Amino acid sequence: MDGKDTRIWENPWISHGKEFYPKSNGVIVLGGGGPSDQGKDRWIWTKKSNGGFSCKSAYLIQALDRAPHYEVAPSVWNKMWNSNILECHKILWWCILSKAFPVRVVLSKRLHLEDVACPLCGGDEETIEHLFLSCNLAFYLWHSSPWGIFPISGSGIQMWDWVKFIRPLGKQSINTDEVFLYASIIVDIIWRTQNDKVHNRRLVNINHCIDSIHYSYEDYRASIFPTPSPCLVVGWQPLPQEWIKFNCDVKVGMESKCIAVVARNHLGVVCGSGAYG
């Protein structure tokens, strides 16, 4: 439309779509005034520089509205998605850090649950922080870390705080990729154990969980962080005294063949040579 038959500036278009504004001939008018000329108008999405709408930008807007800015932390998200861990672990972390994980406290807000206590310890309510940081099982699993890194129970630490604590450990000469891989396996084992307890009524075996973490870590680390092959330095070394070394080579043709031999003593001096055909 060109605005000739429509009261573009009088009608409440902006109030109906807070992120949309009329654009006339490439000029965005944020409010007041009138069209500069008779050019055609179109809708634009102000959250993108090109004015085009995208699901990604719309999702980011609603994510910022429902969570504090520091919890979205784009730089931390980028590091997590680019981490050297399994893809299933990345999805697991995304669900946890986005507070979209189906723990009992979250489910009780949508479904009728009579008991929201942690099924692993029967103590506090099953929140994300309790299940993965404060539960008795989590306490022992985090203490199994070979780096001696574990969250302090009862400190009120959040999952985001724990992840942001792990990532800068590289400044202390600690391989953060390996630490984050170990942490991902712990989180995965905790969730699997919780499911086995709830759905299969299996008893919690802490020693078995720790062994599973260690075996999985060694297996994943060997495939994700392969050890470089040692570089072999090839050099000549003298033979024991009075030893003779023979170097042989053979050439085979369609109608002929030949063998050559060179003999050296322990000093590397040629003692003799010969060729036979």
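This text follows the structure it describes.
The residue numbers shown here count from 1 along each chain, following its written sequence. For this predicted model, a pLDDT threshold of at least 70 governs which residues receive local features, and a threshold of 80 or more governs which side-chain atom pairs are given and counted, while totals over whole chains, interfaces and linings are taken from all residues. Side-chain descriptors were evaluated using all non-hydrogen atoms of the structure, hydrogens and water having been removed beforehand.

Our focus in this paragraph is the overall build of the chain. The helix and strand labels rest on DSSP assignments: H or I over at least four residues marks a helix, E over at least two residues marks a strand, and numbering proceeds from the N terminus. Helices and strands together make up the secondary structure of the chain, namely eleven helices and six strands. The proportion of buried residues among the 277 residues of the chain is 33%. Partitioning the intrachain contacts of the chain with sequence separation of at least 6 by distance along the chain shows that 47% fall at a separation of at least 24. Note on areas: Shrake-Rupley with a 1.4 Å probe; residue coverage comes only from the protein chains shown. Accessible area for the chain stands at about 18,500 Å²; split by element, carbon and sulfur atoms hold 55% of it. Three exposure classes are used, based on accessible area relative to the maximum for each residue type with a 1.4 Å probe and protein chains only: buried under 20%, partly exposed in between, and exposed over 50%. By definition in these notes, contact holds between two residues if any of their heavy atoms fall within 4.5 Å.

Another point: the packing of helix α8 (residues 136–143) against helix α11 (residues 206–224). For the pair α8 and α11, interaxial distance at closest approach is 10 Å and the crossing angle is 40°. As summarised for this structure, α8 and α11 are arranged oblique, according to the angle between their axes. Once α8 is placed against α11, the crossing between them reads as right-handed. Taking contact as the criterion, the partners of Leu137, Tyr140 and Leu141 in α8 are, on α11, Ile206, Cys209, Ile210 and Ile213. Helix axes are fitted to C-alpha atoms over the stretch in contact, other axes to C-alpha atoms as well, and angles between N-to-C directions run from 0 to 180 degrees. An angle below 35 degrees is read as roughly parallel, one above 145 as roughly antiparallel, one from 65 to 115 as roughly perpendicular, and any other as oblique. Each crossing gets its handedness from the near helix: less than a right angle anticlockwise from the far helix is left-handed, clockwise is right-handed.

A few words now on the pattern of salt bridges. In what follows, salt bridge is the name for a side-chain nitrogen of Lys or Arg lying within 4 Å of a carboxyl oxygen of Asp or Glu. Inspection of every chain in the model, using the stated rule, returns five salt bridges. Where arginine 104 meets aspartate 115, a salt bridge forms, and the shortest distance between an N and an O atom there is 3.9 Å. Of the two residues, arginine 104 is situated in helix α6 (residues 104–108) and aspartate 115 in the loop between α6 and α7 (128–134); the sequence distance between them amounts to eleven residues. Given the relative accessible area of 46%, aspartate 115 is considered partly exposed. Among the salt bridges present, the one from aspartate 196 reaches arginine 202, with a minimum N-O distance of 3.8 Å. The partly exposed category is assigned to aspartate 196, whose relative accessible area is 26%.

On to the environment of serine 155, then. Among the structural elements, serine 155 can be located in the loop between α8 and α9 (159–166). Put simply, serine 155 and serine 134 are 21 residues apart on the chain and 9.2 Å apart in space, counted from C-alpha to C-alpha.

Before going further, it helps to spend a moment on the packing of aromatic side chains. Aromatic rings from Phe, Tyr and Trp, with only the six-membered ring used for Trp, were paired whenever their centres fell within 6.5 Å, and each pair was classed as stacked if the ring planes differed by under 30 degrees, edge-to-face if by over 60, and tilted otherwise. Enumeration according to the criterion identifies nine aromatic pairs in this entry. Arranged with centres 5.4 Å apart and planes meeting at 85°, the rings of phenylalanine 139 and tyrosine 140 form a pair that is edge-to-face. A relative accessible area of 36% means that phenylalanine 139 is categorised as partly exposed. With a centroid separation of 5.3 Å and 75° between ring planes, the pair formed by tyrosine 182 and tyrosine 217 is classed as edge-to-face. Here tyrosine 182, found in helix α10 (residues 176–199), pairs with tyrosine 217, found in helix α11; they are 35 residues apart in sequence, far enough to count as distant. Members of the aromatic cluster, connected to one another through ring pairs, are Phe101, Phe132 and Trp191.

Our focus in this paragraph is α10. A helix's residues, less one, multiplied by 1.5 Å, set its expected span. The first and last C-alpha atoms of α10 sit 34 Å apart over 24 residues, in line with the 34 Å expected at 1.5 Å per residue. Burial within α10 is extensive, with 17 of its 24 residues counted as buried. Between the side-chain oxygen of the N-cap and the backbone nitrogen of aspartate 177 there are 3.1 Å, and the N-cap of α10 in question is asparagine 175. Counted as a polar contact is a pair of N or O atoms within 3.5 Å, where, for protein atoms, one must be capable of donating a hydrogen and the other of accepting one, and residues adjacent in sequence contribute only when both atoms are in side chains.

Strands were regarded as paired on the criterion that DSSP finds at least two bridges between them. One open sheet holds the three strands; their spatial order is β4-β5-β6, and the pairing between them is antiparallel. Each end of this open sheet is capped by a strand with a single partner; those strands are β4 (245–252) and β6 (270–276). Strand-to-strand twist in this sheet, taken as the mean axis angle between neighbours without regard to direction, amounts to 10°. Inspection of the sheet shows strand β5 (residues 257–264) paired to β6 by six bridges, in the antiparallel sense. Within β6, the residue paired with valine 262 across the bridge is serine 273.

Further remarks concern the environment of leucine 120. If you trace the backbone, leucine 120 turns up in the loop between α6 and α7. Along the sequence, leucine 120 and asparagine 136 sit 16 residues apart, while their C-alpha atoms lie 7.9 Å from each other. Sequence-distant contacts of leucine 120, defined by excluding residues within four places in its chain, comprise Leu131, Cys135, Leu137, Ile190, Thr193, Gln194, Lys197 and Val204.

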